[in-house]
Amino acid sequence: MKLYKTENGILLENEDIFYRLHETDWDVVVNRNNLYEWLEGQTQSLIALTFSDDFPMPDALAPIGTQEVWASGVTYFKSRTARMEESEKAGGGSFYDRVYEAERPELFFKSTAWRVIGHHGTVRIRKDSTWDVPEPELTLFATSEGALVGYTIGNDMSSRSIEGENPLYLPQAKSYTGSAALGPCLYVFKDQLGVDTVIDLSIVRGGEEVFNGQVTLAQMKRKPEELLHFLYREMAFPQGAYLMTGTGIVPSSDFTLKSGDVVHITIEPIGTLTNTVG
């Protein structure tokens, strides 16, 4: 099932049928360990919606209430290699190899809720950066008790030039206005996504695709439960939390985003998150 946050309330999609929930507080709706079962019960009492040209489906906002967004790094071998290469001149290359092999994962704060960009919103590249990429990531949603109940798609916009200059610059490379996008919905599952799930990244410039890449969840070294375990180990999240799980799609070093590029990230059955670079 899919939950969409809109200006006209919270919409539930189940088997291609849409419903509007009576509850309008996103935090109250999603912070349930039995979220799938609760939503399933809601469909028994709600009236199905019909959309048309005269009554179109409202645009989806970022599927987040007051939750924080955190992120994981070096969870794919390709990401490990790319970050070792970009930071080699700064002497930080071995850091990423050691993190990849370590028991403890790399976790970092990505964004407050009010900074998160939604589907069809505008993400940004830093004006003081010369090398910028989107990072397409399966994003977990866990309740206040740490129960994994849903997924969304995340775009972890990153400045590789700033991070490569010095690993201690990671917060500046990763956390800035317009650097985090989520959407188009929160996919609430009955069964977790399989390792054969594909993440697809397409970047379009001037109407032409200039980059395309795919990776499967089978290539992710760490399991979602492992990442959540470390995130919740000494942290409290009263309304739950979102956790980006890292990227396995890394454009080559001669590619950088430009203003006007359109980034499409697709993970089925969640959908496609589309953003324009400002």
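What counts and how
Residues numbered from 1 in each chain as written. Predicted model: local features only at pLDDT ≥ 70, side-chain atom pairs only at ≥ 80, totals over all residues. Heavy atoms only, no water. UniProt positions renumbered as here; feature names shortened; annotations may be inferred. Helix = DSSP H or I, 4+ residues; strand = E, 2+ residues; numbered from the N terminus. Rg over C-alpha atoms; globule rule 2.2 N^0.38 Å. Buried < 20%, exposed > 50% of the residue type's maximum accessible area, 1.4 Å probe, protein only. Contact = heavy atoms within 4.5 Å. Areas by Shrake-Rupley, 256 points an atom, 1.4 Å probe, with all protein chains shown as cover. Lys, Arg positive; Asp, Glu negative; His and termini not counted. Charge placed at Lys NZ, Arg CZ, Asp CG, Glu CD. Salt bridge = Lys/Arg side-chain N within 4 Å of Asp/Glu carboxyl O. Core = buried A, V, L, I, M, F, W, Y, C linked by side-chain atoms within 4.5 Å.

- You'll find the protein chain entered in an unreviewed UniProt entry as 2-hydroxyhepta-2,4-diene-1,7-dioate isomerase, with Dyadobacter endophyticus given as the organism.
- Annotation of the protein chain in UniProt includes, under Sequence similarities (unreviewed entry), the sentence "Belongs to the FAH family."

Looking at the overall build of the protein chain
Turning to step 1, where the next piece is worked out: Each helix and strand in the protein chain was counted, giving seven helices and 17 strands.
Turning to step 2, where the next piece is worked out: For 278 residues, the compact-globule formula gives about 19 Å, and the C-alpha radius of gyration of the protein chain, at 18 Å, lands near that figure.
Turning to step 3, where the next piece is worked out: Once the C-alpha set of the protein chain is aligned to its principal axes, its extents read approximately 60 × 45 × 30 Å.
Turning to step 4, where the next piece is worked out: Counting across all 278 residues of the protein chain, residues that qualify as buried make up 56%.
Turning to step 5, where the next piece is worked out: Residue pairs in contact within the protein chain that sit at least 24 positions apart in sequence constitute 74% of those at least 6 positions apart.
Turning to step 6, where the next piece is worked out: Total accessible area on the protein chain is roughly 12700 Å²; 49% of this is exposed by carbon and sulfur atoms.
Turning to step 7, where the next piece is worked out: With 24 positive and 39 negative side-chain charges, the protein chain shows a separation of 7 Å between the mean positions of the two kinds.

Brief notes about the pattern of salt bridges
Turning to step 1, where the next piece is worked out: Counted by the stated rule, this structure contains six salt bridges.
Turning to step 2, where the next piece is worked out: With its nearest N and O atoms 3.0 Å apart, the salt bridge here joins Glu-135 to Lys-174. Linking Glu-135 in the loop between β8 (132-133) and β9 (136-142) with Lys-174 in helix α6 (residues 170-174), this pair joins segments that are 39 residues apart in sequence.
Turning to step 3, where the next piece is worked out: What makes Glu-135 buried here is its relative accessible area of 13%.
Turning to step 4, where the next piece is worked out: Across the pair Asp-156 and Lys-174 runs a salt bridge whose closest N-O atoms are separated by 3.0 Å. Taken together, the residues span a long stretch of sequence, with Asp-156 in strand β10 (residues 148-156) and Lys-174 in helix α6 at a distance of 18 residues. Both residues of the pair, Asp-156 and Lys-174, count as buried.
Turning to step 5, where the next piece is worked out: What you see here is one network of salt bridges that share partners, running through Lys-110, Glu-135, Asp-156 and Lys-174.

Here's the deal with the nonpolar core
Turning to step 1, where the next piece is worked out: With 45 residues, the main nonpolar core has Leu-138, Tyr-151, Ile-199, Leu-257 and Ile-270 as its most contacted residues.
Turning to step 2, where the next piece is worked out: Of all hydrophobic cores here, the second largest spans 30 residues; its members include Leu-3, Tyr-19, Ala-180 and Leu-186.

Description of unusual backbone geometry
Turning to step 1, where the next piece is worked out: With omega at 0 degrees, the peptide bond leading from Gly-183 into Pro-184 counts as cis.
Turning to step 2, where the next piece is worked out: Tracing the chain through its elements places Pro-184 in strand β12 (residues 180-188).
Turning to step 3, where the next piece is worked out: In the segment running from Glu-268 into Pro-269, the intervening peptide bond is cis, with an omega of 10 degrees.
Turning to step 4, where the next piece is worked out: Within the chain, Glu-15 stands out as a residue other than glycine whose phi angle is a positive 55 degrees.
Turning to step 5, where the next piece is worked out: Structurally, Glu-15 is set in the loop between β2 (9-14) and β3 (17-20).
Turning to step 6, where the next piece is worked out: Under the relative-accessibility criterion, Glu-15 is labelled exposed at 71%.
Turning to step 7, where the next piece is worked out: Positive phi, close to 70 degrees, is recorded for His-120, a residue that is not glycine.
Turning to step 8, where the next piece is worked out: Residue placement: His-120 occurs in the loop between β6 (106-111) and β7 (122-123).

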